[in-house]
Structures are given as structure tokens and as C-alpha cells.
Amino acid sequence: MDLVSISLLLLIFLMILLVMGVWIGIALLATGFVGMQFVAGNIPAGSVLATSIWGNSASWELAALPLFIWMGEILFRTKLSEEMFRGLAPWLNRIPGRLMHVNVLACGLFGSVSGSSAATTATVAKIALPELLKRGYNEKMALGSLAGAGTLGILIPPSITMVVYAVAANVSIIQIFLAGFVPGAIVMVLYSGYIIIWHMIYKDQAPPPEPKMTFREKLHESKNLIPISLLIIFVFAALGLGWATATECAAWGVVASFVIAWWQGFLNRYAFWQSVMGTVKVTCMIMLILAGAGFMKQSMGYTGIPGALAAWVDGLGLNPYSLIAVLTIMYIILGTALDGISMIVLTTAVVLPMIERAGFDLVWFGIFMVLVVEMAEVSPPVGFNLFVLQTMSGRDSNFVALASLPFFFLLVVAVAIVTIFPGLVMWLPKLVFPG
Amino acid sequence: MIRRTLDALYLAGGILAGIFLVIILVLMMALSLGRPLGLNIPAGDEFAAWSMAAMSFLGLAYTFKSGDMIRVGLVIDKFEGRKKQMIEIVALLIGLGFIAYFSWYATSFTYYSWLLNDRATGVVPVPLWIPQLSYCGGLILLGIALLDELIHVLMGGLPRYEKPKPTTAEEVIEQALQSAV
């Protein structure tokens, strides 16, 4: 069989397994196994499978994954959500859009300690949504900005999605983390800018400002944000100055989160074990997918499909911008059926050689992937952020999806910005890791 | 009796995985704090790596049983009753087949480590079959859990690895946290 028919066959096989409801990790393993059967020279698929997966899994760098998940699990159970609303609200009273900006800022802050966008959305919305509606803010705008800003959870490091990409693409976790800061800030500016413009047009949609506070009163309201801000600065500094590896950084983050939880009186034996077992479940789920993806990637490598595909795309003579445009559309479509992690591990094996050949940096492409995963989070029918807000607000899925649509397009704008100015993404990682 | 033993086994795997998570944290902190103090944990990063593998594999069955192993629900959620049951049986058969195959080779991989007396190349020459036990053990446990569910669904039971759709905001938040997306 030629490569084209083998690729089609494998693709169809994988799709059937996924549609049949086979667990994603197992479906990837199975596809990798079938791919191995087409390789000339009789490779012992079973032994390759056992050896490579053990080698991939026993890695201390990967240990950053459960630790970052754990950190989010602990902080999620603290009072952070209330404190963020109280602490941020007084400062935003004068800007058009007023407290609506709490959504963006609080999600950005929580994104700096959490690696999951669904958890970020849920944590911030828990308090912000009822508070905003109570004050009479526009519901559509509140839901849309929460759905959009919640995706910052995976763009601003630490990020589970980034760790998964880094492992799948074999690039440094720290470099991807560092690359996420500036794009994270860009997305926040886009969101807040949109909120400002919208409120300048629809002046009647925001309630009157809250009573004025003195600077001292504002500071008093924000004092509970000090521990979390210190934690964020600390983790960033450790990453940026190269004091610690990503794994050590994550360990420090866990310890600091325990201190915050203990300070607030949320740390007891039950909460501790609950956070541990929650972390175990998320980690094992991801690790099975990563194991499957690793094996499929290896099997694909043996068949030579990715290389041939890369050469074919190269031969088309597309300019880099069109390639990114085509990939963006492909990922938007994929995002309507798959979750972010599956999207990354399913496609990296074939897309990365193509991207490298077109002259893109794999760290830059990681940020691109995170942005398209963010779009998937806010696009129906399976966008998890939409689902979270749908249940929290009691609105139907169409209402929430329409409300989030402007923020979906702002993410498309963000992709365009980082594609035209790749230096925005690469500046920080290059600064810390010159050469 | 069998039911209770099996459930206890899955939970034990999950708890062991949790203990390895705590070990990773302690090791990484010790490595990080020890460096400036000039204290060094022999082969600390290797122990962390093995703990990571042990955690990932030992918790698989527990994760599967709690319904946190993700799959694409877009199509299967549309079916109900008899058709849904058939789909579940096929998915379980495929899952069981591949996990059985995988555990077989993971076990033989560990067996050869033991037979050839493979040792870690680091400072502490730990026989490699010891950390690798978690690898084959965890996969076999997942295989048992899949077989357990297959028999249950074949007998007409509803799959126990499917989480009920969340209805309250609290449940949504809880599931959001577990989704990792």
C-alpha cells in the first residue's frame, strides 16, 4: 500500500474508534499499533510499545504536571474567588464597563495559578456572575466576558495544555510557559478594550458607579489579595530568573498554596485528601492520553507519513500566513468535536514536521495551539466553558454561545497578531534563554 | 464479596497513586532546598521520575471507575437503551483487548528487567524491575476494571464509569475542575 492509502486508513480507523466512544488514550494506542503493522522490517510492536511508554512516563520533568494540577485544586477550594471580586472591584469603578473588567482581571490572576480554563471560569464566575447581575450589568456581556476570559487559564502559565503540548512536541516546558505571558497580556487588553468600547456605545447598559472610596479604603479592600499576588510574583520570578526548574517551581507553588489554604482555615485532612485524589484522576487521565500519543507518534515516524505530508505541504509553496490560516480553520472545526488535550495530541504527530519545515518555531506554535484550544473552549457544541456558564446561569446553550461569540473573534484577532508579530511570543523565552 | 474486593483494589491503586504524588512533592522540595545548602539526595530526580510513572499507572483503574477517563461523547450520547448498550460493549471490548495486549508486554518488559538484572544507571543502582512493577501492576489493574465493567454491561447493567450529567452549579464546578481543559 502507498503512504496515502495507509494514512487514510489510519485516519478512518482512529475516527471510528473515537466515535464509538473508545477512550481517547486507548484509541491512540490502537491506531499506533495498526500503523506499526505497515512498517517494513517486522518491528516488534508490543516491545516497542512497552519500552517507549515506560521511557516517556518515568520522567521527572513530567512531574510538573501533577504538581501544577494540585496547586489549582488547592486554591480552588479557598476563598480566593470572593477576595478577588472584593479586591479588584474598587479599582475599576471609573473605567467604562466598570466592574465588568473584574472578569478579565480576575481570570488573568487566577490563570496565573491555575492550569485549566474550565476551573478558571468556574472559580471566577462563582462570585462575579451573581454580583454583576445583582448590580444590573448586561447579562450577555457578563457571560461572554467570563467565557472568553476564563480561557486565559490555559494561556497564562502554568497551564496543563502547555505541559501536554511541550511533552507532545518535545520542547522545554519553561520556554512555552515564558512564551505565554505576552500573548496572555495581549488577549486581556483585547477583551478589556472590547468591553470599554461596547460600554461607550451602549451607555445605558452599565449601572451607576459604586460609592467613591479613598485610596486607603481601596487598599484595605485589596489586602487579602496580597498572599496570592506574592505567590504569582514568586512563581514568575523563579521561572523567569532561572532559579528553579518547572517541576521545582510547581512544588513551591503547591507548598505556598497549602500555606494560603491553611491561613484561611481551609486546610484539614479531608480537604487534603480530596485535593490529592482529584489530582490523581486528572493526571492519570492525561497520562494515558500522552502514552497513547507518544506511541502513535513513534509509529507514525516509522511509517514516514508525517515527513511525506510535510514535504507535500512544502511543495505546495503556500506562504506561511496561508498555512497558519488553513490550520486555524482546521482547528476551529476540530474544536467543535474534541477537547483541547485530545486536539493537541491527535495532531502534533503530523502537523509539527509540517510547521518546522515551514520555518516556524515550535515554541511559537505552542502558543498558537493554546490559542486555538481557547477558541474550542468557547465554541459550541462541546466548548466546556460554555457548558460551565450555561449551568451556572441557567441560560440555554444558544444564549451563552452567542454571548461568547465576540470573544471568540477576539481570539482570532490574537492569533493574527502573534502570527504577524511572532517576536511578541518569542521575546521573553529568548530573553531568559539566549541562543 | 468479589465486588467489595475489586472496588477496594481500585481504590487502593488510587490511594497509592496519591501517596506517590506526595512523594514527588517532598522529593522536589528536598532537591530544591537541598541545593543551596549543599545537601544532595542521591538519585533524587530518578526517584521522582519513578514516582511519576507509578502515580500515572497505579491510578488508572481508579480514574476509569470514577468516570474521568475522557472520550468523545458527541455521537454516543445520542443513543439510548439497547443501542447504547451495544456501543458500550464494543468500546469495552476494544479497550480491554488493547489494555490486555499492553499489560502483557509491560509485564514481559518488567520480567526481562528482573531476569537480566537491569539496574538504574544513576548514583543508586536500584534494580529497575522494582519501579517497573507499578507499570505492569497498574495496567493489569486497569484491565481487570475493564473486564469487570464488560461483564457488568453484558449482564444488562448500566455502565458505572459514566458520570451522571451535572445538574447543579456545584456539580458543574466540580466537574470543571476534573476536566483539565
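Our structure is the block above this text.
Residues numbered from 1 in each chain as written. Chains lettered and ligands numbered in written order. Predicted model: local features only at pLDDT ≥ 70, side-chain atom pairs only at ≥ 80, totals over all residues. Heavy atoms only, no water.

1. Thoughts on the overall build of chain B
For step 1, the next point in the chain: Counting its regular elements, chain B contains 6 helices and 0 strands.
For step 2, the next point in the chain: Going from N to C terminus, chain B has its helices and strands arranged as α-α-α-α-α-α.
For step 3, the next point in the chain: Seen through its principal axes, chain B has C-alpha atoms that stretch 65 × 45 × 35 Å.
For step 4, the next point in the chain: Scored against the burial criterion, the 181 residues of chain B give a buried share of 51%.
For step 5, the next point in the chain: Split by element, the accessible area of chain B, about 8,800 Å² in all, is 71% carbon and sulfur.
For step 6, the next point in the chain: Averaging the locations of the 13 positively and 14 negatively charged side chains of chain B gives two centres separated by 6 Å. (Helix = DSSP H or I, 4+ residues; strand = E, 2+ residues; numbered from the N terminus. Buried < 20%, exposed > 50% of the residue type's maximum accessible area, 1.4 Å probe, protein only. Areas by Shrake-Rupley, 256 points an atom, 1.4 Å probe, with all protein chains shown as cover. Lys, Arg positive; Asp, Glu negative; His and termini not counted. Charge placed at Lys NZ, Arg CZ, Asp CG, Glu CD.)

2. Re the packing of aromatic side chains
Residues and elements named next belong to chain A.
For step 1, the next point in the chain: Per the counting criterion, the structure on display carries 30 aromatic pairs over all chains.
For step 2, the next point in the chain: Judged by centre distance (5.0 Å) and plane angle (20°), the rings of Phe360 and Trp364 are stacked. Each member of the pair Phe360 and Trp364 is classed as buried.
For step 3, the next point in the chain: A cation over an aromatic ring shows up here: Arg395 above the ring of Phe399, its NZ or CZ 4.3 Å from the ring centre. (Phe/Tyr/Trp six-rings, centres within 6.5 Å; stacked < 30°, edge-to-face > 60°. Lys NZ or Arg CZ within 6 Å of the ring centre and 35° of its normal.)

3. Focus: the interface of chain A and chain B
For step 1, the next point in the chain: Taken together, the contact between chain A and chain B spans 78 residues of the former and 70 residues of the latter.
For step 2, the next point in the chain: Both faces combined, the contact of chain A with chain B buries some 6,400 Å², and carbon together with sulfur accounts for 81% of it.
For step 3, the next point in the chain: When the buried surface of chain A facing chain B is broken down by residue, Trp23, Trp54 and Lys281 of chain A rank first, second and third, together holding 14% of it.
For step 4, the next point in the chain: If you look at where chain A meets chain B, you find 2 salt bridges.
For step 5, the next point in the chain: In this structure, the connection of chain A to chain B is made through 6 residue pairs in polar contact (both at pLDDT 80 or more).
For step 6, the next point in the chain: For the side of chain A that touches chain B, the element with the most residues is helix α15 (residues 269–303) of chain A, which contributes 16 residues.
For step 7, the next point in the chain: Among the residues making up the side of chain A that touches chain B, the classes are represented as 55 nonpolar, 16 polar and 7 charged. (Contact = heavy atoms within 4.5 Å. Buried area = accessible area lost by both parts, 1.4 Å probe. Salt bridge = Lys/Arg side-chain N within 4 Å of Asp/Glu carboxyl O. Polar contact = N/O pair within 3.5 Å; in protein donor to acceptor, adjacent residues only side chain to side chain. Nonpolar A, V, L, I, M, F, W, Y, C, P; charged D, E, K, R; others polar.)

Interpretation note: all reported values are geometric properties and have no functional meaning in isolation.
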